[in-house]
Amino acid sequence: FYGLVGFRGTLDWRESEQDGFSRGENASISEAFGYFRNLWLDGFDVQVGRQDFDEPREWLYDQNMDALRAIYTRGLYRAELSASTNFSDASQRDENSENLIAYVTRDVSDRTLGLYVIDRRDDREPNDYPIYFGARALGEWLPDAEIWAEYSLLRGYKGTTDLESYAYDLGLTWSGSVIDPYYLTMGWAFGSGDGDPSDDVDEAFHQTGLNDNNGKFGGVTSFRYYGEIIDPELTNLGVLTLGVGRRFGRRNSLDLVWHQYAQDIAADRIVNSNLKGRPTGADTDLGWELDLILGNRAWSGVDLELVLGTFEPGDAFAQNDAAWLLGLQARFRL
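Read on for a plain summary of the structure.

About the cut-offs
Residues numbered from 1 in each chain as written. Predicted model: local features only at pLDDT ≥ 70, side-chain atom pairs only at ≥ 80, totals over all residues. Heavy atoms only, no water. Salt bridge = Lys/Arg side-chain N within 4 Å of Asp/Glu carboxyl O. Helix = DSSP H or I, 4+ residues; strand = E, 2+ residues; numbered from the N terminus. Buried < 20%, exposed > 50% of the residue type's maximum accessible area, 1.4 Å probe, protein only. 1 Å grid on protein atoms, 1.4 Å probe; cavity = no way out; pocket = protein on both sides within 12 Å on 5 of 7 lines; lining within 4 Å. Points joined across faces, edges and corners; volume = space filled by probe spheres on them. Nonpolar A, V, L, I, M, F, W, Y, C, P; charged D, E, K, R; others polar. Core = buried A, V, L, I, M, F, W, Y, C linked by side-chain atoms within 4.5 Å. Contact = heavy atoms within 4.5 Å. Pairing = 2+ DSSP bridges.

1. A word on the pattern of salt bridges
In total, this model carries 19 salt bridges according to the counting rule given. Note that Arg-278 is salt-bridged to Asp-268, the shortest N-O span being 3.7 Å. Within this pair, whereas Arg-278 is found in the loop between strand E17 (252–262) and strand E18 (285–299), its partner Asp-268 is found in the loop between E17 and E18, the two being separated by ten residues in sequence. Accessibility expressed as a relative area gives 54% for Arg-278, which makes it exposed. Each of Glu-55, Arg-57, Arg-136, Glu-150 and Asp-169 takes part in one network of salt bridges that share partners.

In C-alpha cells form, the structure reads like this:
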C-alpha cells in the first residue's frame, strides 16, 4: 500500500485585444489517494480517492477525479475498471456526472492496442447519457514512425434525442535516419455533424468532455494538436494537420504545425473553440492556422513552452480578420 497527496497551483495572465488584461489564479488538491498492490492476487491493484485519469494523447480523458479504480495486469494485457465523479473543483457537468470507464490494452514493445467503453451519466433535466465505444492503435507500427489511429462511436441519449455519431483521428510522425534530427507529421481527424437538427437523432459527435487534445509529435513538450488558437472539440469538424519539427539535443525542440479546418455540415458555431468570432453557417471552410512551438527542458522538473500562432479565417466567416497568439507557459514539478 502507498498513498499520495498532491497540490496544484496555477497563475494565468492574458492580454486580449477585445477584453483587455485579465489575471486568474487557482489552487487545489490535485491528488489524494490510496493504492493497494496485489490486493487479492498478483497483478490486481485497487486505487481509491482523487486521482489522475490520463492517457497518452488525452483524446479520451485527462482529468483529476474522485474514483474507485480496479486494475488487473497479466502478461501483455492491462484492464482498468473505474467509477468516478468530481466532488469539487470542476464544472457543473463534471460534478453532476457519474462516470463508468472500462479500458483494456495490449502492449508489445512500443505498440499499444486498446478498447474502451466510457459511460457518462448526468441525471439533471434533460437526462444526458452518452456512451462511447472505441478502439485505438498507438506506437511504432511502421518503421521509424509513431502512429495514432482512433475510432469512436457515440451512442445513448439526451432527453428524447438519440445520440448516433462517430469520429476518427489518424496520423503519424516519421523520424527516419535520412532526415535526422528532423521529424515530419501528418494527420487527419474528423467528427461527424448533424444534418437535421430538427429530428430526434443527433448525429453530431461530441468528445467526452474529459479530454484535453494535448500531446507530442516528436519534441520535448506537448501542445494542442488541433491548434493552439482555435483549440476546437472534434465536433462537426475535419482537421488536416501537417508538421515539421527538430530536436536540439535531448532537452530542446521546435515544431512548426499547420492545420486546415472544414465543417462537416455548415453551422454557425465551433464547439468549445477559443475563437471569439462565429461562422455564419453559410460555408464549411473555416480557414487555417499555423503554430510555432518551442519546448525546453533544460532543468530537471521545469518545462518551458513558447507558442506563436496565427489563424486565418475562411469563407465561413463574415469578417476576415486574422487572430494571433503569443503564449509562454512554465511548469514546475516539486
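2. Details of the layout of surface pockets
Empty space among the atoms becomes visible once a probe the size of a water molecule is rolled across them. A volume near 450 Å³ is recorded for the second largest pocket. As for the second largest pocket, its lining consists of 19 residues, of which Pro-56, Arg-57, Gly-215, Lys-216 and Phe-217 are closest to the centre. Going through the elements one at a time, strand E8 (128–142), strand E9 (145–158) and strand E14 (214–215) are the ones with two or more residues in the lining of the second largest pocket. The biggest single contributor to the lining of the second largest pocket is E9, with three residues. Classifying every residue of the lining of the second largest pocket by side-chain character gives six nonpolar, seven polar and six charged.

3. A closer look at empty space enclosed by the protein
What the rule picks out here adds up to two cavities of 30 Å³ or more. Considering the residues around the largest cavity, the lining is formed by Arg-57, Trp-148, Asp-169, Gly-187, Trp-188, Ala-189, Phe-217, Tyr-225, Tyr-226, Val-239 and Thr-241. Of all the elements in the fold, those that place two or more residues in the lining of the largest cavity are strand E12 (182–191) and strand E16 (237–248). Looking at the lining of the largest cavity, the element that brings in the most residues is E12, giving three residues. Estimated volume of the second largest cavity: approximately 40 Å³. Forming the boundary of the second largest cavity are Thr-235, Asn-236, Leu-237, Gln-263, Arg-269, Ile-270, Val-271 and Leu-286.

4. Things to note about the nonpolar core
Looking at soluble globular proteins, one finds that nonpolar side chains tend to be buried together. Counting residues in hydrophobic clusters, the biggest one holds 39 residues, and the most contacted among them are Trp-59 and Tyr-61. With near-sequence residues (within four places) excluded, Trp-59 lies in contact with Tyr-116, Arg-136, Glu-150, Ser-152, Ala-167, Asp-169, Gln-207, Asn-211, Asn-213, Tyr-225, Tyr-226 and Leu-234.

5. What about unusual backbone geometry?
For the bond from Glu-125 to Pro-126, the omega torsion is -5°, close enough to zero to count as cis. Tracing the backbone shows Pro-126 in the loop between strand E7 (111–122) and E8. Here the residue pair Asp-180 and Pro-181 is connected by a cis peptide bond, since its omega of 10° sits within 30 degrees of zero. Assignment of secondary structure puts Pro-181 in the loop between strand E11 (165–174) and E12. Even without glycine at this site, Glu-58 takes up a positive phi of about 55°. Within the secondary structure, Glu-58 sits in the loop between strand E3 (44–54) and strand E4 (62–74).

6. Regarding the pairing of strand E2 (residues 20–36)
Note: strand E1 (residues 2–16) against E2, 15 bridges, orientation antiparallel. Bridge pairing in E2 links Arg-14 to Ser-22. In the sheet, E2 pairs with E3 via five bridges, with the strands oriented antiparallel. Looking at E3, one finds that Gly-34 is bridged to Val-48.

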